[in-house]
Amino acid sequence: AQSVTQLGSHVSVSEGALVLLRCNYSSSVPPYLFWYVQYPNQGLQLLLKYTTGATLVKGINGFEAEFKKSETSFHLTKPSAHMSDAAEYFCAVTRPGTALIFGKGTTLSVSS
Amino acid sequence: KAGVTQTPRYLIKTRGQQVTLSCSPISGHRSVSWYQQTPGQGLQFLFEYFSETQRNKGNFPGRFSGRQFSNSRSEMNVSTLELGDSALYLCASSLADTDSGNTIYFGEGSWLTVV
């Protein structure tokens, strides 16, 4: 069965600092991997996804993630945090024929 | 292009009642999935429909059911509501299915409170 582990339920950074949100997955076949962001009282918005090809994926709002098969990881990064990045972030995994499985989420706080 | 639309956005029900939530996918999308989001359990998959057929089902009791219509619109129903059913119910749609890694787009959700 597939699973996703997000390390750290809460991450705090200062404005301008590097953002690193960790995600490790478990899948017996090559996975499709996603990062979503959720702002308060809203649905989920796709930040980026990896299906095949280039392992470094660039998304919206300056975020990027790198698929590392050997480490079964798909960590999300952003070089410089902005106050507007404060939200909850979800990593998710799927593979052909199965549903999207989410991690527990990481709340990102950004202080000035 | 309109996004995934869910109605109603907010509702309050009493224990023992039933509720029906509606979802209109993005035009052209044939796959619709439903998720339950709670603070304790996070995002949990309920079921997925593709061309009116349920393709995947999560680990929820039979009180939770759904269907998809020929125009791809979907409804989910929860019968005999329990306090623990209070949650944000999210609908998502995609062009085909996850076989091709199509992006899955989410609606803003229906907030259900059971009292």
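Since this is a predicted model, take the numbers as computed values, not measurements. (Residues numbered from 1 in each chain as written. Chains lettered and ligands numbered in written order. Predicted model: local features only at pLDDT ≥ 70, side-chain atom pairs only at ≥ 80, totals over all residues. Heavy atoms only, no water.)

Caption draft 1: Summary view of the sheet that holds strand β7 (residues 64-68) of chain A. Residue and element names in this part refer to chain A. The strand order across the open sheet built from five strands is β1-β3-β8-β7-β6, with neighbouring strands paired in antiparallel fashion. The strands lining the two open edges of the sheet, one partner per strand, are β1 (3-7) and β6 (56-58). On average, each strand axis in the sheet is tilted by 20 degrees relative to the strand beside it, whichever way the strands run. Bridge count between β1 and strand β3 (residues 19-26): five bridges; the pairing is antiparallel. Counterpart to V4 in the pairing with β3 is Y25. (Pairing = 2+ DSSP bridges. Helix = DSSP H or I, 4+ residues; strand = E, 2+ residues; numbered from the N terminus. Axes fitted to C-alpha atoms, helices over the stretch in contact; angles between N-to-C directions.)

Caption draft 2: Structural detail: the interface of chain A and chain B. At the interface, 21 residues of chain A touch 21 residues of chain B. With both sides pooled, the region where chain A packs onto chain B buries about 1,700 Å², and carbon together with sulfur makes up 54% of that total. Across the chain A-chain B interface, the total number found is zero salt bridges. Summed over the shared surface of chain A and chain B, the number is five residue pairs in polar contact (both at pLDDT 80 or more). Residue contributions to the side of chain A that touches chain B peak at four residues, all from strand β4 (residues 32-38) of chain A. (Contact = heavy atoms within 4.5 Å. Buried area = accessible area lost by both parts, 1.4 Å probe. Salt bridge = Lys/Arg side-chain N within 4 Å of Asp/Glu carboxyl O. Polar contact = N/O pair within 3.5 Å; in protein donor to acceptor, adjacent residues only side chain to side chain.)

Caption draft 3: Molecular detail of the state of the cysteines. Residues and elements named next belong to chain B. For the coordinates displayed, the defined rule picks out two disulfides over all chains. A sulfur-sulfur separation of 1.8 Å characterises the disulfide bridge that pairs C23 with C91. Note on the C23 and C91 pair: the S-S dihedral is about -65 degrees, so by sign convention the disulfide is left-handed. Taken as a pair, C23 in strand β3 (residues 19-24) and C91 in strand β9 (residues 87-94) lie far apart in primary sequence, 68 residues in all. C91 shares its class with C23; the two are buried. (Disulfide = S-S within 2.5 Å. Buried < 20%, exposed > 50% of the residue type's maximum accessible area, 1.4 Å probe, protein only.)

Caption draft 4: Broad picture of the packing of aromatic side chains. Summed over the entire model, instances satisfying the criterion amount to 13 aromatic pairs over all chains. Ring centres 4.4 Å apart and planes at 20 degrees place the aromatic pair Y50 of chain A and F67 of chain A in the stacked group. In this pair, Y50 of chain A is assigned in strand β5 (residues 44-50) and F67 of chain A in strand β7, connecting sequence segments 17 residues apart. Both residues of the pair, Y50 of chain A and F67 of chain A, count as buried. Taking 5.7 Å as the distance between ring centres and 50 degrees as the angle between the ring planes, the aromatic pair formed by Y35 of chain B and F106 of chain B counts as tilted. Here F106 of chain B lies in strand β10 (residues 105-106) and Y35 of chain B lies in strand β4 (residues 31-38), a separation of 71 residues in the sequence. Each of the two residues, Y35 of chain B as well as F106 of chain B, counts as buried. Linked through ring pairs, F34, Y36, F90 and F102 of chain A together with Y35, F45 and F106 of chain B together constitute an aromatic cluster. (Phe/Tyr/Trp six-rings, centres within 6.5 Å; stacked < 30°, edge-to-face > 60°.)

Caption draft 5: Up close: unusual backbone geometry. P8 of chain B follows T7 of chain B through a cis peptide bond whose omega is -10 degrees. One can find P8 of chain B in the loop between β1 (5-7) and β2 (10-13). The phi angle at N41 of chain A is positive, at roughly 60 degrees, despite the residue not being glycine. Structurally, N41 of chain A can be placed in the loop between β4 and β5. The backbone phi angle of S72 of chain B is positive, close to 75 degrees, even though this residue is not glycine.

Caption draft 6: Focus on the layout of surface pockets. The space that makes up the largest pocket amounts to roughly 360 Å³. If you go around the largest pocket, you meet 20 residues; those closest to its centre are Q38, E88 and F90 of chain A together with Q37 and P39 of chain B. Mapped onto the lining of the largest pocket, the elements with two or more residues apiece are β9 (87-94) of chain A together with β4 and β9 of chain B. The greatest single-element share of the lining of the largest pocket, amounting to three residues, is contributed by β9 of chain A. Looking at the lining of the largest pocket, its residues break down into eight nonpolar, ten polar and two charged. Taken as a whole, the second largest pocket encloses approximately 250 Å³ of empty space. Elements represented by at least two residues in the lining of the second largest pocket include exactly β10 (101-102) of chain A together with β5 (42-50) of chain B. No other element matches β5 of chain B, which puts four residues into the lining of the second largest pocket. Of the residues in the lining of the second largest pocket, the class split is seven nonpolar, six polar and one charged. (1 Å grid on protein atoms, 1.4 Å probe; cavity = no way out; pocket = protein on both sides within 12 Å on 5 of 7 lines; lining within 4 Å. Points joined across faces, edges and corners; volume = space filled by probe spheres on them. Nonpolar A, V, L, I, M, F, W, Y, C, P; charged D, E, K, R; others polar.)

The values reported here are purely geometric and, on their own, carry no functional implication.
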